[in-house]
Amino acid sequence: MKKIVLLLIIVIFTGVGFFGFQQYQKGEEVKKISSFEECAAAGFPVMDSYPGQCRTSDGRSFTQEIGNELELGDLIMVSNPRPNQKITSPLKITGQARGTWYFEATFPVELVDANNKSLGKSFATAQGEWMTEEFVPFTAEIKFEKPSTKKGKLIINNANPSGLPENGKELIIPVEF
């Protein structure tokens with residue numbers, strides 16, 4: 001009888017020790033999480049918000065990187081590509097911008113990799129009367145070679161014929177290749 005009780009105690013302590021070690025390892029893995037993507041990939045809940053937010057079991061919160069579109073939404077709205085969208089060449093860019101974003105019905109667009117190496121440049125063209133303060137649809141296309149990085153940015157600048165930095169605006173959209 002004593003042997004059975006002793007064996008049962010050993011099994012219980014071994015089980016508790018093993019469970020405690022697993023929990024410790026999980027805690028160490030959670031501490032290594034440092035981005036929204038890592039948080040979501042680890043299976044933690046992602047809130048249904050824009051931008052997306054993920055919270056780890058230790059209470060840390062990570063927000064999905066979407067560039068600065070929320071700050072410039074009253075001037076330009078891009079419908080394709082959306083932030084963090086996987087893109088291929090040729091990249092077709094569509095959206096609408098206020099007429100004040102254009103000059104001579106165009107504005108510059110550029111695609112860069114994660115190292116800020118330019119992959120291609122083009123001009124977006126107004127698809128309607130651009131001499132207005134209202135939103136005007138635009139289209140653009142950039143052809144590019146597959147980069148060595150997995151992520152990059154689409155940079156959309158307003159037309160700035162003055163060249164003065166204070167008149168320049170830049171929309172940045174993170175993308176994946």
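Residues numbered from 1 in each chain as written. Predicted model: local features only at pLDDT ≥ 70, side-chain atom pairs only at ≥ 80, totals over all residues. Heavy atoms only, no water.

### A closer look at the sheet that holds strand E4 (residues 76-80)
Move 1: Read from one edge of the open sheet, 8 strands run E4-E6-E9-E8-E7-E10-E11-E5, paired in mixed fashion. Looking along the sheet, the strands with just one partner apiece sit at the ends: E4 and strand E5 (85-86).
Move 2: The pairing of strand E8 (residues 118-126) with strand E9 (residues 135-142) spans 2 bridges and is classified as antiparallel. Paired with Thr125 across the strands is Thr139, a residue of E9. (Pairing = 2+ DSSP bridges. Helix = DSSP H or I, 4+ residues; strand = E, 2+ residues; numbered from the N terminus.)

### Notes on the state of the cysteines
Linking two cysteines covalently through their sulfur atoms gives a disulfide.
Move 1: Here the structure, examined in full by the defined rule, presents 1 disulfide.
Move 2: Paired by a disulfide, Cys39 and Cys54 hold their sulfur atoms 2.0 Å apart. Handedness of the Cys39-Cys54 disulfide follows from its S-S torsion of about -75°: it is left-handed. You can see Cys39 sitting in helix H2 (residues 36-41) and its partner Cys54 sitting in strand E2 (residues 53-55), a full 15 residues away along the chain. (Disulfide = S-S within 2.5 Å.)

### Notes on the sheet that holds E2
Move 1: A sheet is described by the order of its strands in space; here 3 strands give the open sequence E1-E2-E3, paired in antiparallel fashion. Only two strands of the sheet have a single neighbouring strand rather than two, namely strand E1 (46-47) and strand E3 (61-63).
Move 2: Direction of pairing for E2 relative to E3: antiparallel, over a ladder of 3 bridges. Each bridged residue has a counterpart across the sheet, and for Arg55 the counterpart in E3 is Ser61.

Scope: geometric values only; no functional claims are made or implied.
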